[in-house]
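Residue-level structural notes
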Amino acid sequence: MHIMEGFLPSPWWELWTIVMIPVVIYGIYRISLVTKNNPKTKPLLALVGAFIFVLSALKLPSVTGSCSHPTGSGLAAVIFGPAIAAVLSMLVLVFQALLLAHGGLTTLGANVVSMGIVGPVVAYGTWVICKKAKVPSSFGVFLAVALGNLLTYVATSVQLALAFPTAAGFLDAFAKFGTVFAVTQIPLAIAEGILAVFLFDFLVKYKGKLLNTIGAVNLPSALTRGN
Amino acid sequence: MQFGQIGARVDRYAYTNNLAKTSPATKLLFALSVLVISVASPSPIIPFFVFFINLALLLLYAKIPAHFYWKMLLYPLATALLSCVLIALFFGYGESLMEIATPWFSWTIFKSGVTMAVATFLRVAGGISCLYFLVLTTPITDILILLRRIHVPQILIEMSLLIYRYIFLLLEIASQMNTAQEMRLGNTNWISKIKSTALLAGNLFIRTLEQGERTFTAMSARGYDGEIQILDDLPNPRLWLVIGILFFDVFLILASVLTASGWSLIT
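Regarding the overall build of chain B
Scanning chain B from N- to C-terminus turns up nine helices and two strands. Sequence-ordered secondary structure for chain B, helices as α and strands as β, is α-α-α-α-β-β-α-α-α-α-α. In terms of overall size, chain B is more extended than a compact globule, its C-alpha atoms giving a radius of gyration of 24 Å where 267 residues would be expected to give roughly 18 Å. Its C-alpha atoms put chain B at 70 × 60 × 35 Å along the principal axes. For chain B, the residues scored as buried account for 45% of the 267 residues in total. Taking all contacts inside chain B whose residues are at least 6 apart in sequence as the whole, residues at least 24 apart take part in 75%. Surface accessibility of chain B: about 14400 Å² in total, with carbon and sulfur atoms responsible for 68%. Between the averaged position of the 18 positive side-chain charges in chain B and that of its 14 negative side-chain charges there is a distance of 9 Å.

What follows is the structure in structure tokens.
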């Protein structure tokens, strides 16, 4: 979903950058709050960031000036909430632009909005609803991450369709971009959902106490063992 | 992995190129201002010009080997070209350039679609060349020191340094585990390959986290309080260079205003 450097024409990349800024500022506030209360979350935060980097670097090129890949930001949203996921995604996207020329600095805003804001918000919303509905947590994580991934690509399609109109209007352009993405993205979303379930179970098993203190899960204290 | 090879070489050139001794603030100013002007410019002539300016600076002045720069450019430009061909074929509106009528469907290629595609391709080329100028001449740590100087929140810089380290940690542990699995005949057939991959993915996360936590404990024991101390001995910016860059920016803005209305690919 990384839109490449310079691919978006002028009013659009500025607009998405402006949309990104308040969310990221709020996220920085949240992240400093969490790390101040629990300095031990820092390694987990950095690892989730690195996880987003590695997953979103596994890209399949797509013919839309963009590409298809797992995002990893859904899991970050489930663990830390969407605002922190937005900050982590922004840092990762800057690194990817600088190290891999994957994404770009002017399109950073658009990419953060799709991968760091829309996807995580959807994932977090789904996760909260699943928790309320007492759905088993592995299914909740799967649904949250898979939907977060899919909606990230819906957001990218909207961004591209707004920037590249067709004769039949916005919806036609949106359908064109969306179809190209859907081919690769639906299997990828399912695969990412399954991977996230495994990782989340591992984390609950080994780092349950840490997850409990940051409020990601509510486990009875008997289940949280070890560090 | 592609990242390992190209990424490592980019990092090496960032430290050893001929512009490495120039102040990173100057290079950042040049790369970012030219990037923003060329991407914001309405005519594609500006990014096209910027692409060649950066090409000349990188190859002649910074002495980056041409074949390596070409290799770096090839993949993004090829993807951009493909995307732009599709934009030219399927997008746009208004005046039509060509109509293909077959018994089953009719297909119109629009002038605005082709114009949009050409402009997009040149904008991508210009933008990527600015990005590469920055990456190939300036090490990431220099950029982080600059960010600290302009008072970017401490936690952001700390997280970037940690994430940067963890990316390499993750890759390193993954390759170690992969080697271990290979030696125990873990990848002999399809089923064992899937089993090994699942094991690797699950354990990779926990192993990396544990190693990271050990590092964190060790750092805390040595007085780490959220600030990673880096030697701040960057060269100072030279006044004439900064003025030169500002003049170049003004020139680019004027040129983009002058060429804004006067360009069209197909008349």
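This is not the end of the story, as more comes after the structure.
What about the interface of chain B and chain A?
Contact with chain B, which involves 56 residues of that partner, is made by 62 residues of chain A. Taking both sides of the interface into account, the surface hidden between chain B and chain A amounts to around 5200 Å²; carbon and sulfur atoms contribute 83%. On the surface where chain B and chain A come into contact, there are one salt bridge. Note that Glu158(B) is salt-bridged to Lys42(A), the shortest N-O span being 3.1 Å. There are four residue pairs in polar contact (both at pLDDT 80 or more) connecting chain B and chain A. For the side of chain B that touches chain A, the secondary structure elements donating two or more residues are α2 (24-40), α4 (66-90), α5 (111-137), α6 (140-149), α7 (154-183) and α8 (190-221) of chain B. When its residues are assigned to classes, the side of chain B that touches chain A shows 41 nonpolar, eleven polar and four charged.

Looking at helix α9 (residues 239-258) of chain B
Every α-helix winds through 3.6 residues per turn, so residues three or four apart in the chain are directed the same way. Here α9(B) is 20 residues long and its end C-alpha atoms lie 29 Å apart, about the 28 Å a rise of 1.5 Å per residue gives. Against the buried residues of α9(B) lie α2 and α3 (45-61) of chain B.

Details of the pattern of salt bridges
Residues and elements named next belong to chain A. As enumerated under the stated definition, the model contains two salt bridges over all chains in all. In this structure, Lys176 and Asp172 form a salt bridge, with 3.6 Å as the shortest nitrogen-oxygen distance. Pair noted here: Lys176 and Asp172 are both in helix α7 (residues 170-213), with a separation of four residues, about one helical turn.

Focus on unusual backbone geometry
All names here are of chain B. Even without glycine at this site, Lys63 takes up a positive phi of about 60 degrees. Tracing the backbone through its elements, the reader meets Lys63 in the loop between α3 and α4. The backbone of His151 sits at a positive phi, close to 60 degrees, despite the residue not being glycine. Secondary-structure assignment places His151 in the loop between α6 and α7.

Describing the side chain of Ser129(B)
Residues and elements named next belong to chain B. Relative to the helices and strands, Ser129 is located in helix α5. A polar side-chain atom of Ser129 sits 2.9 Å from a polar atom in the side chain of Asn54. Within the structure, Ser129 has its side chain in polar contact with the backbone oxygen of Gly126 (distance 2.8 Å). For Ser129, the residues in contact, after removing those within four places along its chain, are Val50, Phe51, Asn54 and Tyr69.

Considerations on the packing of α7(A) against α8(B)
Between α7(A) and α8(B), the shortest axis-to-axis distance is 9 Å and the interhelical angle comes to 35 degrees. As α7(A) packs across α8(B), the resulting crossing turns out to be right-handed. Contacts from Leu195(A), Leu199(A), Phe202(A), Leu203(A), Tyr206(A), Lys207(A) and Leu210(A) of α7(A) reach α8(B) at Ala201(B), Gly202(B), Asn203(B), Phe205(B), Ile206(B), Leu209(B), Glu210(B) and Glu213(B). In the contact of α7(A) with α8(B), the residues fall into ten nonpolar, two polar and three charged.

Criteria and thresholds
- Residues numbered from 1 in each chain as written.
- Chains lettered and ligands numbered in written order.
- Predicted model: local features only at pLDDT ≥ 70, side-chain atom pairs only at ≥ 80, totals over all residues.
- Heavy atoms only, no water.
- Helix = DSSP H or I, 4+ residues; strand = E, 2+ residues; numbered from the N terminus.
- Rg over C-alpha atoms; globule rule 2.2 N^0.38 Å.
- Buried < 20%, exposed > 50% of the residue type's maximum accessible area, 1.4 Å probe, protein only.
- Contact = heavy atoms within 4.5 Å.
- Areas by Shrake-Rupley, 256 points an atom, 1.4 Å probe, with all protein chains shown as cover.
- Lys, Arg positive; Asp, Glu negative; His and termini not counted.
- Charge placed at Lys NZ, Arg CZ, Asp CG, Glu CD.
- Buried area = accessible area lost by both parts, 1.4 Å probe.
- Salt bridge = Lys/Arg side-chain N within 4 Å of Asp/Glu carboxyl O.
- Polar contact = N/O pair within 3.5 Å; in protein donor to acceptor, adjacent residues only side chain to side chain.
- Nonpolar A, V, L, I, M, F, W, Y, C, P; charged D, E, K, R; others polar.
- Expected span 1.5 Å × (residues − 1).
- Axes fitted to C-alpha atoms, helices over the stretch in contact; angles between N-to-C directions.
- Left-handed = near helix turned anticlockwise from the far one by under 90°.

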